[in-house]
Amino acid sequence: MNTKISAEEYTRANLRLEELINIVDDNTPLDSPLAKEFLKISDIVEEYESIHYPMEDTK
């Protein structure tokens, strides 16, 4: 994504993701608007967390 995601955007994305988890499932077509939104919001959450909460390498 390469964009700066604010804490507020991250919070909104998490709230929307919680809503979508109850709607989008394995039977939802990937080309449906809700599935596309789910994937986009998941990307936002993942990017923010990779910057602010990086996983430590335990090797």
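See the structure printed just above.
Report follows, based on the coordinates. (Residues numbered from 1 in each chain as written. Predicted model: local features only at pLDDT ≥ 70, side-chain atom pairs only at ≥ 80, totals over all residues. Heavy atoms only, no water.)

## Some thoughts on the overall build of the protein
Step number 1: Counting its secondary structure elements, the protein contains 2 helices and 0 strands.
Step number 2: Across its three principal directions, the C-alpha atoms of the protein cover 35 × 30 × 20 Å.
Step number 3: Counting across all 59 residues of the protein, residues that qualify as buried make up 24%.
Step number 4: In the protein, of all internal contacts separated by at least 6 residues, the share reaching a separation of at least 24 is 62%.
Step number 5: In the protein, 6 side chains carry a positive charge and 14 a negative one; their mean positions are 6 Å apart. (Helix = DSSP H or I, 4+ residues; strand = E, 2+ residues; numbered from the N terminus. Buried < 20%, exposed > 50% of the residue type's maximum accessible area, 1.4 Å probe, protein only. Contact = heavy atoms within 4.5 Å. Lys, Arg positive; Asp, Glu negative; His and termini not counted. Charge placed at Lys NZ, Arg CZ, Asp CG, Glu CD.)

## Side note on the nonpolar core
Step number 1: If you look at the biggest cluster of nonpolar residues, it comprises 10 residues: Ile5, Tyr10, Ala13, Leu17, Leu20, Val24, Ile41, Ile44, Val45 and Tyr48.
Step number 2: When contributions to this core are tallied by element, the ones reaching two or more residues are helix 1 (7–21) and helix 2 (33–52).
Step number 3: Beyond its immediate stretch of four places on either side in the chain, leucine 17 contacts Phe38, Ile41, Ser42 and Val45. (Core = buried A, V, L, I, M, F, W, Y, C linked by side-chain atoms within 4.5 Å.)

## Considering the environment of isoleucine 44
Step number 1: Within the element layout of this structure, isoleucine 44 appears in helix 2.
Step number 2: Its relative accessible area of 19% is what places isoleucine 44 among the buried residues.
Step number 3: Each C-alpha atom, one on isoleucine 44 and one on arginine 12, is 10 Å from the other, the two residues being 32 residues apart in sequence.

## Some thoughts on the pattern of salt bridges
Step number 1: In the structure shown here, the tally under the stated rule is 3 salt bridges.
Step number 2: When the shortest N-O distance is used, the salt bridge between glutamate 37 and arginine 16 registers 2.8 Å. Remark: arginine 16 occurs in helix 1 and glutamate 37 occurs in helix 2; sequence separation between them is 21 residues.
Step number 3: Residue class for glutamate 37 comes out partly exposed when judged on its relative accessible area of 27%.
Step number 4: Arginine 16 gets classed as partly exposed once you look at its relative accessible area, which sits at 25%. (Salt bridge = Lys/Arg side-chain N within 4 Å of Asp/Glu carboxyl O.)

## Describing the side chain of threonine 28
Step number 1: With respect to the secondary-structure elements, threonine 28 resides in the loop between helix 1 and helix 2.
Step number 2: A residue is classified by how much of its surface remains accessible, and threonine 28, at 19% relative accessible area, is buried.
Step number 3: Within the structure, the side chain of threonine 28 is placed 3.0 Å from the backbone nitrogen of aspartate 25, a separation counted as a polar contact.
Step number 4: Apart from residues lying up to four places away in sequence, threonine 28 is in contact with Ile23 and Ala35. (Polar contact = N/O pair within 3.5 Å; in protein donor to acceptor, adjacent residues only side chain to side chain.)

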